[in-house]
Amino acid sequence: MELFDVYSFFDVTPVKAKGTRIWDDKGTEYLDLYGGHAVISVGHCHPRYVTAVTDQLGKIGFYSNSVRNPLQEELAEKLGELSGYPDYSLFLCNSGAEANENALKLASFHTGERRVIAFKGAFHGRTSGAVAVTDNPKIRAPFNSWHEVTFVPMNDIAAVREELSKGDIAGVIIEGIQGVGGIIIPDDNFMRELRQATLEAGVPLILDEVQSGCGRSGKFFAHQWAGIRPDLITMAKGMAGGFPIGAVLISPDFEPVKGMLGTTFGGNHLAMAAAIAVADIIKDENLVQNAYEVGEYLKSRLLSLASEAPSTPGGGNAPGRTFTRIGREAQGAQAPFADDGKTIEIKEVRGRGLMIGVEFSGPIAELRRKLLFDKHIFTGVSGKNMIRLLAPLTLTKDDVDIFIKALEEVL
Ligand SMILES: Cc1ncc(COP(=O)(O)O)c(C=O)c1O
């Protein structure tokens, strides 16, 4: 049997990993600034994580949700405390898409409506409802197309209010920071207005924190930069060190009804041991704060790459946010490099914590290839022109210096 060939991948075979480093089958060491797509929050193979999962496997790896599992309660308590949502309840599942699917269902059960407001550029996953609220017709099959979804422009509160006024909305779903869409941070004021408008309309606000949650943004959830409290929050990627998991945090306004949601694998013993270990490590090693500090340092070093002028950590219009034009014309950048024979340059650096996008003036495929094969650094991508950095939250300033030196040399 052959693999169903849906992924484009680099010809690298990781066989070992530790902290922010990966080794391939030839013994080459790489610096991981991609975190397996924002999944590796506490670093690869953290000793506490390895011990917790291994010990659990020796006791009981799995049983279904037809019996008591105190590990689920332990995780709920720890996540409640870490995230600042101790009064919310927790539904456990297996992936980000599934978390969003369940949140959309909860919103729809709650309101009795079916139409959803989502945002231009959104990515929420590939299950039926999640892909329907994803702004990419190419990955939506006819089977997924009957959902009623209205996409409105990001930061356009008038458009949201107009749709809400029609009185048929089941829920509004928005990412804490758009990842696939290119590290687009919703305006903090817009988030507050969105919260207000949805409260007035009695429509649940769903925050998709699948990628931006778990401390990645320098706060436990990215929406906490705006100081709002949504009704439903979804999370997944950074939760369990790579063990498949998803979760919905549910406000006390939602009444559980037996059987309304369910899953075979969600909340299983191994997943719980993995997620509890990750929660403990994030807390004990202060990784949310580390993501903020090292993220600021990384952004400032990236800015200084493109300019002689001093960089502005946390610049832009809000703490922890950089949205600064650093193009050649703007700041006298002197760092063009070749991409398929063309010269490109850094246009913008944006992001919060360790969720950072570096947008270039042209395609970055060759740049990424050089970083990987010449400098042995993993990076992510958004569209054609943006490098997406989603490093483990354990990243150090020394790691950043290695990356900046490598990038400089590639330039
Ligand atoms: C914001 C967001 N939501 C949902 C998903 C889907 O998560 P999963 O691939 O675990 O289903 C992703 C995955 O990239 C994502 O970035």
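Residues numbered from 1 in each chain as written. Predicted model: local features only at pLDDT ≥ 70, side-chain atom pairs only at ≥ 80, totals over all residues.

Our next topic: the overall build of the protein chain. Counting its regular elements, the protein chain contains twelve helices and 18 strands. Principal-axis analysis of the C-alpha atoms gives the protein chain an extent of 60 × 55 × 45 Å. Evaluated residue by residue, the protein chain yields a buried proportion of 48% over its 411 residues. In the protein chain, 72% of the contacts between residues at least 6 apart in sequence involve partners at least 24 apart. (Helix = DSSP H or I, 4+ residues; strand = E, 2+ residues; numbered from the N terminus. Buried ≥ 20, exposed ≤ 12 C-beta atoms within 10 Å, placed from the backbone. Contact = placed C-beta atoms within 7 Å.)

With that settled, the discussion passes to the domain arrangement of the protein chain. Each assigned domain of the protein chain is listed here: domain 1 (47-284) and domain 2 (290-391 + 398-410). Each side of the interface is counted separately: domain 1 has 13 residues, and domain 2 has 18 residues. By residue class, the composition of the side of domain 1 that touches domain 2 is six nonpolar, five polar and two charged. (Domains from an automatic or database assignment. Nonpolar A, V, L, I, M, F, W, Y, C, P; charged D, E, K, R; others polar.)

Before going further, it helps to examine the pairing of strand 14 (residues 346-352). With respect to burial, strand 14 is a largely interior element, six of its seven residues being buried. The pairing of strand 14 with strand 15 (residues 355-360) spans six bridges and is antiparallel. Paired with Arg-352 across the two strands is Met-355, which belongs to strand 15. The antiparallel hairpin formed by strand 14 and strand 15 contains two residues in its connecting segment, where Gly-353 sits at a positive phi of about 55°. (Pairing = 2+ DSSP bridges.)

Counting residues in hydrophobic clusters, the biggest one holds 113 residues, and the most contacted among them are Val-172, Ala-247, Ala-274, Ala-275 and Val-278. Among the elements that make up this core, the one with the highest residue count is helix 8 (residues 269-284) (twelve residues). (Core = buried A, V, L, I, M, F, W, Y, C linked by C-beta atoms within 7 Å.)

Positive phi values are uncommon outside glycine, yet Cys-45 reaches one of about 50°. With respect to the secondary-structure elements, Cys-45 resides in the loop between helix 1 (35-38) and helix 2 (47-59). Residue Cys-45 is classed as partly exposed on the basis of its 15 C-beta neighbours within 10 Å. The residue Cys-214 is not glycine, and still its phi comes out positive at about 65°. Its location among the elements puts Cys-214 in the loop between strand 8 (205-208) and strand 9 (232-235).

Take the packing of helix 6 (residues 157-164) against helix 7 (residues 188-201) next. Contact geometry for helix 6 and helix 7: axes closest at 10 Å, N-to-C directions at 10°. Judged by the angle between their axes, helix 6 and helix 7 are roughly parallel. Of the residues in helix 7, those touching helix 6 at Ile-157, Val-160, Arg-161 and Leu-164 are Phe-190, Glu-193, Leu-194, Ala-197 and Ala-201. (Axes fitted to C-alpha atoms, helices over the stretch in contact; angles between N-to-C directions. Parallel < 35°, antiparallel > 145°, perpendicular 65-115°, else oblique.)

The next thing to look at is the confidence of the model for the protein chain. Mean pLDDT over the protein chain works out to 92, with 91% of the residues at or above the 70 mark. Note on residues 308-339: pLDDT is under 50 here. Beyond four places in sequence and across chains, it has 84 contacts. (pLDDT = per-residue confidence, 0-100.)

Turning our eyes to something else, we now look at the packing of helix 9 (residues 287-305) against helix 12 (residues 397-410). Look at helix 9 against helix 12: their axes get within 10 Å of each other, and the N-to-C directions meet at 20°. By the angle between their axes, helix 9 is roughly parallel relative to helix 12. Of the two possible hands of crossing, helix 9 and helix 12 adopt the one that is right-handed. Every residue of helix 12 that contacts helix 9 at Val-294, Tyr-297, Leu-298, Arg-301 and Leu-305 is listed here: Lys-397, Val-400, Ile-404, Leu-407 and Glu-408. (Left-handed = near helix turned anticlockwise from the far one by under 90°.)

Contacts to the ligand come from 14 residues, most closely from Ser-95, Gly-96, Ala-97, Gly-125 and Val-210. Take the shell around the ligand: its biggest share by element is three residues, from helix 4 (residues 96-111). Here the residues of the shell around the ligand are counted per class, giving five nonpolar, seven polar and two charged. (Near = placed C-beta within 6 Å.)

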